[in-house]
Amino acid sequence: MSAAYAFSDARVMVTRCVKRSLRDPEAFFTALLLPIMLMLMFVYVFGGAMNTGGKYVNYVVPGLIVLCAGFGASATAVAVATDMANGIVDRFRSMPIHGTSIFIGHITASLARNMVATALVIGTGLGIGWRPTASPAEWAAAAAMIVVFVLALSSLAAGVGLVARTAEAASFFAAALMFIPYVSTAFVPARTMPGALHAFADNQPFTPIVETMRGLWMGHTATGAAASHEAVIALAWCAGILAVSIAAASWLFRHRTAA
Amino acid sequence: MRYTVNATGIRKSFGSHLVLDDVDLAVETGSILALLGPNGAGKTTMVRILATLIRPDAGTATIAGHDLRTNPVGVKRSISLTGQYAAIDDKLTGRENLEMMGQLRHLPRGAARARAGELLAAFGLLDAAHRRAATYSGGMMRRLDLAASMIGRPQLLFLDEPTTGLDLHSREQLWGTVRGLAEEGVTILLTTQYLEEADQLAETIAMLDRGRIVARGTADQLKSSLGTEVVRLQFADADSYRRAASTLGTARTDDRLCTIEVATDGSAAAVHELLGWLEGAGTPPLKLSTHRPSLDDVFLSLTGAAAARRGSKEMAR
């Protein structure tokens, strides 16, 4: 199985997953509406009571990007679990194609969905008064951070989809991913949290990821560390999650298939 | 004689449950073999092993000349699998499904498109080609599934319970399609729990029960293994039926209909002897008919005892 075949298999799978995303109108509109609704709710409903030093919209944009990515990841986990429960994966596996191409398809479609959601968060934010101070280079770095983060989260979600086996179990994964960003600096600085939560917030992956974006866009982070320092920690987390989930997913795919 | 499938000594356990116990299976090139058995007999496991989806614990197999263990890619290139559940993307149209499978078989894009068109026509799906597979009926779904299997012109086609859940009309239509594929020279390994299906389609039948092959041969060979004629005796009342049943012992009985079936060689003398014996026992039958044993009879005589044991255990629970 040559590299050319591997590439063509992956391309076919990407086309399939993107088509599936576009043809699921409920999920598609939820994915489009959610970033906008969340942005308006956080800024206009909660924002007035938040004390983050300055306008809340200037604080919350990176937090909403990771929150939406969490929703996106649960969609990916459900999509993988649905595939595994269907006979189609057996057919793919009985064909001379690269097993990884199925995941490349799901992860690429996930990346595309998340980029649309991210663009909507950013667009809505700019529309209601978000004023980042970033240079074009900093914008590019922030975008790169988002891509790396979404890739890591999507492969984790694909792995969860494989373990879960049913769409219902996979969507349970969403609950966990929805809560973790709240106990980070995504929506409020960690200093107001009680001791244990504060410690958790300081040491979980969403904080450095959010702070990297915040530092790049706004020039200062909520933790007080430099954006470059946060970026190193964020990239280490993402690399670790990527490596573990890809290894786990390929092992699971070989050993644990639809019964 | 050439064999497209030649498997020997296949064993597989899931945990402590032995699913396949030393199964040998050979499918002659260009023929249809039916692997017939009740639910849980191990049919699907056997197909999944031969289609490279799971590894056997022991045993060897050659598929279209490729060794299953050492050259699974060669096997994958030669086979196609139509599983129990339609392996179709329900959000893609019929045509998109086939073109996708064609591309995954590494046909150039134009060739994949042409082949998809050909198969849509051949399987009577041209009118529905632009509709999403989710809108297809069960029968159409199975036809699309089969068409997807034929994209790469496989030498060997696995059909795992192809007509389960189909209505009578769709089933007969699918049988026609399968026969057509066999006429084109495709070797087919079919699993089914329907005796009629095995009888209708397959040249060779292998009966699988609880992980073991309990009989194999042509439908005719299997039927004649039970004796050439079955004599069916109908009794006037439950009392004489019961007394006759206890004297005949091993025969198949039906409490509700008060009938007893006895395998004979079909000669007048044998029937005469049977009747004389029943007369002597004071339990003459009301009516008598003879018929050739059906595959049902073979199947029940081979697996009936085991199934009855399982059934009574379930009742007890």
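Quick caveat: nothing in here was measured; it's all calculated off a predicted structure.

**Observations concerning the overall build of chain B**
Step number 1: Helices and strands together make up the secondary structure of chain B, namely 11 helices and 14 strands.
Step number 2: Dimensions of chain B, computed from C-alpha atoms along their principal axes, come out at roughly 80 × 45 × 45 Å.
Step number 3: Counting over 317 residues, chain B shows a buried share of 43%.
Step number 4: Within chain B, residue pairs in contact and separated by at least 24 positions form 70% of the contacts whose partners lie at least 6 positions apart.

**Things to note about the overall build of chain A**
Step number 1: Summing up its helical and strand segments, chain A has 10 helices and 0 strands in all.
Step number 2: Shown N-terminal to C-terminal, the secondary structure of chain A runs as helices and strands in the order α-α-α-α-α-α-α-α-α-α.
Step number 3: Relative to the 2.2 N^0.38 estimate, which gives 18 Å for 259 residues, the radius of gyration of chain A is 19 Å and therefore close to what a compact globule would have.
Step number 4: Overall size of chain A, expressed as C-alpha extent along the three principal axes, is 60 × 35 × 35 Å.
Step number 5: Considering chain A as a whole, with its 259 residues, one finds that 47% of them fall into the buried category.
Step number 6: Across chain A, contacts joining residues at least 24 apart in sequence account for 80% of those joining residues at least 6 apart.

**Quick look at the environment of Ala 225 of chain A**
Residue and element names in this part refer to chain A.
Step number 1: Note that Ala 225 resides in the loop between helix H9 (206–218) and helix H10 (227–255).
Step number 2: The class of Ala 225 is partly exposed, set by 16 C-beta atoms lying within 10 Å.
Step number 3: When the C-alpha positions of Ala 225 and Ala 247 are compared, they lie 32 Å apart, and in sequence the two are 22 residues distant.

**A few points about the domain arrangement of chain B**
Step number 1: What the domain assignment reports for chain B is domain 1 (3–223) and domain 2 (227–292).
Step number 2: A straight line from the C-alpha centre of domain 1 of chain B to that of domain 2 of chain B covers 42 Å.

**Quick look at the sheet that holds strand E14 (residues 287–291) of chain B**
All names here are of chain B.
Step number 1: As summarised here, the arrangement of the 4 strands in space is E12-E13-E11-E14, forming an open sheet in which the pairing is antiparallel. Single-partner strands in this sheet number two, and they are strand E12 (252–254) and E14. With direction set aside, neighbouring strand axes in the sheet form an average angle of 20 degrees.
Step number 2: Bridge analysis of E12 against strand E13 (residues 259–264) gives 3 bridges, and the strand direction is antiparallel. Pairing of Asp 254 across the sheet is with Thr 259, part of E13.
Step number 3: Most of the contacts of helix H10 (residues 268–280) go to E13, to which it runs at about 140 degrees, and overall it touches strand E11 (229–234) and E13.

**Here we look at the interface of chain A and chain B**
Step number 1: At the junction of the two partners, chain A supplies 21 residues and chain B supplies 21 residues.
Step number 2: Of all the secondary-structure elements, those providing two or more residues to the side of chain A that touches chain B are helix H1 (3–22) and helix H4 (88–93) of chain A.
Step number 3: Per element, the largest residue contribution to the side of chain A that touches chain B is 7 residues, and it comes from H1 of chain A.

**Looking at the environment of Val 14 of chain A**
All names here are of chain A.
Step number 1: In this fold, Val 14 is placed in helix H1.
Step number 2: Look at Val 14 and you get partly exposed, because 19 C-beta atoms sit within 10 Å.
Step number 3: Taking the C-alpha atoms as reference points, Val 14 and Ile 104, 90 residues apart in sequence, are found 6.8 Å from one another.
Step number 4: Residues contacting Val 14, with those up to four places away along its chain left out, are Ile 104, Gly 105, Thr 108 and Ala 109.

**A closer look at the packing of helix H6 (residues 136–164) of chain A against H10 of chain A**
Residue and element names in this part refer to chain A.
Step number 1: Running from N to C, H6 and H10 cross one another at 30 degrees; their axes reach a closest spacing of 8 Å. Here H6 is positioned roughly parallel relative to H10, judged by the angle of their axes. For the pair H6 and H10, the crossing hand works out as left-handed. Between H6 and H10, the contacting residues are Met 145, Val 148, Phe 149, Leu 151, Ala 152, Ser 155, Leu 156, Ala 158, Gly 159, Leu 162 and Val 163 on the first element and Ala 231, Ala 234, Leu 235, Cys 238, Ile 241, Leu 242, Ser 245, Ile 246, Ala 248, Ala 249, Leu 252 and Phe 253 on the second.
Step number 2: A per-class count over the contact of H6 with H10 returns 20 nonpolar, 3 polar and no charged.

**Some words on helix H5 (residues 100–127) of chain A**
Step number 1: Here H5 of chain A is 28 residues long and its end C-alpha atoms lie 40 Å apart, about the 40 Å a rise of 1.5 Å per residue gives.
Step number 2: Backbone geometry just downstream of H5 of chain A places Gly 129 of chain A in the positive-phi region, at approximately 105 degrees.

**Regarding the environment of Asp 145 of chain B**
Residues and elements named next belong to chain B.
Step number 1: By the secondary structure assignment, Asp 145 is in helix H5 (residues 138–150).
Step number 2: The spacing of Asp 145 and Thr 82 is 63 residues in sequence and 6.6 Å in space, taken between C-alpha atoms.
Step number 3: With sequence-adjacent residues up to four places away left out, Asp 145 is seen in contact with Thr 82, Ala 86, Ala 87 and Ile 88.

**Looking at the pairing of strand E1 (residues 3–14) of chain B**
Residues and elements named next belong to chain B.
Step number 1: With 8 bridges connecting them, E1 and strand E2 (residues 17–28) associate as antiparallel partners. When the bridges of E2 are listed, Ala 7 appears paired with Leu 25.
Step number 2: The antiparallel hairpin formed by E1 and E2 contains 2 residues in its connecting segment, where Gly 15 sits at a positive phi of about 65 degrees.

**Notes on the sheet that holds strand E6 (residues 79–82) of chain B**
Residue and element names in this part refer to chain B.
Step number 1: Taking strand neighbours across the sheet as the criterion, the 6 strands line up as E6-E7-E8-E3-E9-E10 in an open arrangement whose pairing is mixed. Of all strands in the sheet, those with a lone pairing partner are E6 and strand E10 (212–217), marking the two edges. Across the sheet, the mean angle from the axis of one strand to that of its neighbour is 15 degrees, orientation sign disregarded.
Step number 2: Looking at chain direction, strand E7 (residues 156–160) and strand E8 (residues 187–192) are connected through 5 bridges and run parallel.

**Topic: the packing of H1 of chain A against H5 of chain A**
Packed helices, taken two at a time, are described by the angle their axes make and the gap between the axes.
All names here are of chain A.
Step number 1: H5 packs onto H1 with a crossing angle of 45 degrees between their chain directions and a minimal axis gap of 7 Å. If you check the angle between H1 and H5, you find them oblique. The hand of the H1/H5 crossing is right-handed. Across the interface between the two elements, Ala 6, Asp 9, Ala 10, Met 13, Val 14, Arg 16, Cys 17, Val 18 and Ser 21 from H1 touch Ser 101, Ile 102, Ile 104, Gly 105, His 106, Thr 108, Ala 109, Ala 112 and Arg 113 from H5.
Step number 2: Split by residue class, the contact of H1 with H5 holds 10 nonpolar, 5 polar and 3 charged.

**Quick word on unusual backbone geometry**
Backbone phi values are negative for most residues with the exception of glycine, while trans is the configuration of most peptide bonds.
Residue and element names in this part refer to chain B.
Step number 1: The phi torsion at Asp 22 lies on the positive side, around 60 degrees, for a residue other than glycine.
Step number 2: Of note, Asp 22 is situated in strand E2.
Step number 3: Here His 106, not a glycine, exhibits a phi torsion of approximately 65 degrees, which is positive.
Step number 4: You can see His 106 is positioned in the loop between helix H3 (94–104) and helix H4 (109–122).
Step number 5: Using a count of 20 C-beta atoms within 10 Å as the deciding quantity, one classes His 106 as buried.

**Looking at the pairing of E13 of chain B**
Residue and element names in this part refer to chain B.
Step number 1: Bridge count for E11 against E13 is 6 bridges, and the pairing is antiparallel. The partner of Val 231 across the bridge, within E13, is Val 262.
Step number 2: The hairpin formed by E12 and E13 contains 4 residues between the paired strands, and Cys 258 there has a positive phi angle of roughly 60 degrees.

The rules we used
Residues numbered from 1 in each chain as written. Chains lettered and ligands numbered in written order. Predicted model: local features only at pLDDT ≥ 70, side-chain atom pairs only at ≥ 80, totals over all residues. Helix = DSSP H or I, 4+ residues; strand = E, 2+ residues; numbered from the N terminus. Buried ≥ 20, exposed ≤ 12 C-beta atoms within 10 Å, placed from the backbone. Contact = placed C-beta atoms within 7 Å. Rg over C-alpha atoms; globule rule 2.2 N^0.38 Å. Domains from an automatic or database assignment. Pairing = 2+ DSSP bridges. Axes fitted to C-alpha atoms, helices over the stretch in contact; angles between N-to-C directions. Parallel < 35°, antiparallel > 145°, perpendicular 65-115°, else oblique. Left-handed = near helix turned anticlockwise from the far one by under 90°. Nonpolar A, V, L, I, M, F, W, Y, C, P; charged D, E, K, R; others polar. Expected span 1.5 Å × (residues − 1).

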